[in-house]
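The residues making up each chain are set out below.
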Amino acid sequence: MIYHVRHQTIVRYASPVRLARFNLRLRPAPWTGQWTSDYALTVDPLPSAIESRPGAWPVNVARLVIENPIRQLTIESRFRAGVDNGPQISPQSDDPTIATVAQAALLDRDMGPSAPAHYLYASPRAPLLAQIGDWVGAMLAPNRPIVAAALDLTRRIQAEFAYEPGATDASTPVADAFAARHGVCQDFAHVMVVALRLAGLPAAYVSGYLRTLPPPGRPRLIGADAMHAWVMLWCGPTRGWIGFDPTNGVITHDGHLFVAMGRDYADVAPMDGLFVGGAGQSLRVMVDVAPEEETALS
């Protein structure tokens, strides 16, 4: 599948912002099974400087420096991407066990951005909460095949947690979302990451896009899509990294577009930073993920 992605963010401030530094993580990082071309970043008003660099994880960062007063900032990211993950991944009879993968992760000496060692332990937004381990119980027992066990966990989160936009926000602790059993994709990904790490497994938080399909007989709404979050689980040196989407209860495939991977949301947040001035702000985000054949016809 080939997609055209447009992501627009409009920030309005109640009073002028005199100085600002923002980090954007909107350009897809390289990832197996996906390519990206024609990336373009537009910022209005034009910043004093834009510095692009790779992050410590599989993430691209653009640093904006704003030195003139502004009341509104518009950021637009566009790119073309192709996804070819091969056949849909599914559990196999010869998959390694959870214990085997956990041991392999401890022995792996790679320290690159996607090395399993980075994703084994607690991180600021994904503390290892005992209550999540108690809830998982034997589902992640050491003798279980890893892909089947992770898929079971994915489906359990989808079944037991209610998807409620607005019930949480980017600052909601994973403990609160877990206790309430509701939230959005960010919350469900954090719960799954914590559960997998408690079992000794390398689990990462992924930010990206999801192709959404309109109801039968209705056109796709432009700008109605949103950024999505899911989990990457390292399933041993043979299986490698496999994506699991607990919001939808599935193993990821060609409808999921990878942007960035980190230890938790803080590592891959689409936008963060600091500014001076502006007593209040409002944020509007519009995302459109269009298959190339639809773009060609429009």
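The rules behind these values
Residues numbered from 1 in each chain as written. Predicted model: local features only at pLDDT ≥ 70, side-chain atom pairs only at ≥ 80, totals over all residues. Heavy atoms only, no water. Phe/Tyr/Trp six-rings, centres within 6.5 Å; stacked < 30°, edge-to-face > 60°. Helix = DSSP H or I, 4+ residues; strand = E, 2+ residues; numbered from the N terminus. Buried < 20%, exposed > 50% of the residue type's maximum accessible area, 1.4 Å probe, protein only. Core = buried A, V, L, I, M, F, W, Y, C linked by side-chain atoms within 4.5 Å. Contact = heavy atoms within 4.5 Å. Pairing = 2+ DSSP bridges. Axes fitted to C-alpha atoms, helices over the stretch in contact; angles between N-to-C directions. Salt bridge = Lys/Arg side-chain N within 4 Å of Asp/Glu carboxyl O. Polar contact = N/O pair within 3.5 Å; in protein donor to acceptor, adjacent residues only side chain to side chain. Expected span 1.5 Å × (residues − 1).

**A closer look at the packing of aromatic side chains**
- If you walk through the whole model with that rule in mind, you get twelve aromatic pairs.
- When the ring of F79 is compared with that of Y209, the centres are 6.0 Å apart and the planes differ by 50°; the resulting orientation is tilted. One end of the pair, F79, is in strand β5 (residues 70-83); the other, Y209, is in strand β8 (residues 203-210), and 130 residues separate them in sequence.
- Of the residues examined, Y209 reaches a relative accessible area of 0% and is grouped as buried.
- Taken together, a centroid distance of 5.6 Å and an interplanar angle of 75° make the contact between W135 and F178 edge-to-face. Linking W135 in helix α2 (residues 130-136) with F178 in helix α4 (residues 174-180), this pair joins segments that are 43 residues apart in sequence.
- Given a relative accessible area of 11%, W135 falls into the buried group.
- An aromatic cluster of three or more residues is present, and its members are W135, F161, Y163, F178 and F188.

**Some remarks on the nonpolar core**
- In this structure, I132, L153, L196, Y209, M232, F244 and M261 are the most contacted members of the largest nonpolar core, which totals 84 residues.
- Ranked by residue count, the leading element in this core is helix α5 (residues 185-198), at nine residues.
- When neighbours within four sequence positions are excluded, F244 is seen to be in contact with V147, A150, L151, T154, M192, W230, V231, L233, V250, I251 and T252.

**Here's the deal with the sheet that holds strand β9 (residues 227-234)**
- Spatial ordering of the open sheet is given by β11-β10-β9-β8-β12, a layout of five strands whose pairing is antiparallel. In this open sheet, the two strands that pair with only one neighbour each are β11 (250-251) and β12 (256-262).
- Strands in contact with helix α3 (residues 146-160) are β9, β10 (241-245) and β11; relative to β10, the strand with the most contacts, it is inclined by about 20°.
- Contacting β8, β9 and β10, α5 crosses the sheet at an angle of about 10° to β9.

**A few points about the pattern of salt bridges**
- A complete count under the given rule lists eight salt bridges for this structure.
- Between R25 and D272 there is a salt bridge, with its nearest N and O atoms 3.0 Å apart. Taken together, the positions of R25 in the loop between β1 (2-24) and β2 (34-44) and D272 in strand β13 (residues 271-277) put the pair 247 residues apart, joining distant regions of the chain.
- Its salt-bridge partner being D152, residue R144 comes within 2.8 Å of it at the nearest N-O pair.
- What emerges from the salt-bridge pattern is a single network uniting R6, E76 and R78.

**Overview of the side chain of D267**
- Mapped onto the secondary structure, D267 falls in helix α7 (residues 265-268).
- A residue is classified by how much of its surface remains accessible, and D267, at 11% relative accessible area, is buried.
- A polar contact of 3.3 Å, which involves the side chain of D267, links it to the side chain of W57.
- Discounting chain neighbours no more than four positions away, the residues touching D267 are R25, W57, V59 and G262.

**Considerations on α5**
- Look at α5: 20 Å from first C-alpha to last across 14 residues, which is about the 20 Å you get at 1.5 Å a residue.
- Of all 14 residues in α5, 13 are buried, a share of seventy percent or more.
- One or two steps after α5, the chain reaches G200, where phi turns positive at roughly 85°.

**Notes on unusual backbone geometry**
- The omega torsion across D44 and P45 is 0°, close enough to zero to call that bond cis.
- Here P45 shows up in the loop between β2 and β3 (49-54).
- Look at D38: it is not a glycine, yet its phi comes out positive at around 55°.
- With respect to the helices and strands, D38 occurs in strand β2.
- Here D38 falls in the exposed class, since its relative accessible area comes to 58%.
- If you check the backbone angles, R181 has positive phi at about 60° while not being a glycine.

**Brief notes about the pairing of strand β4 (residues 60-66)**
- The buried fraction of β4 is high, at five of seven residues.
- Two strands pair when backbone bridges link them, and β1 and β4 are joined in this way by five bridges, in the antiparallel orientation. Bridge pairing in β4 links R21 to V65.
- Bridge count between β3 and β4: six bridges; the pairing is antiparallel. Residue pairing for β4: A49 is matched across the bridge by V65.
- Here β3 folds back onto β4 in antiparallel fashion, the turn holding five residues.

Shape is all these values report; function is a separate question.
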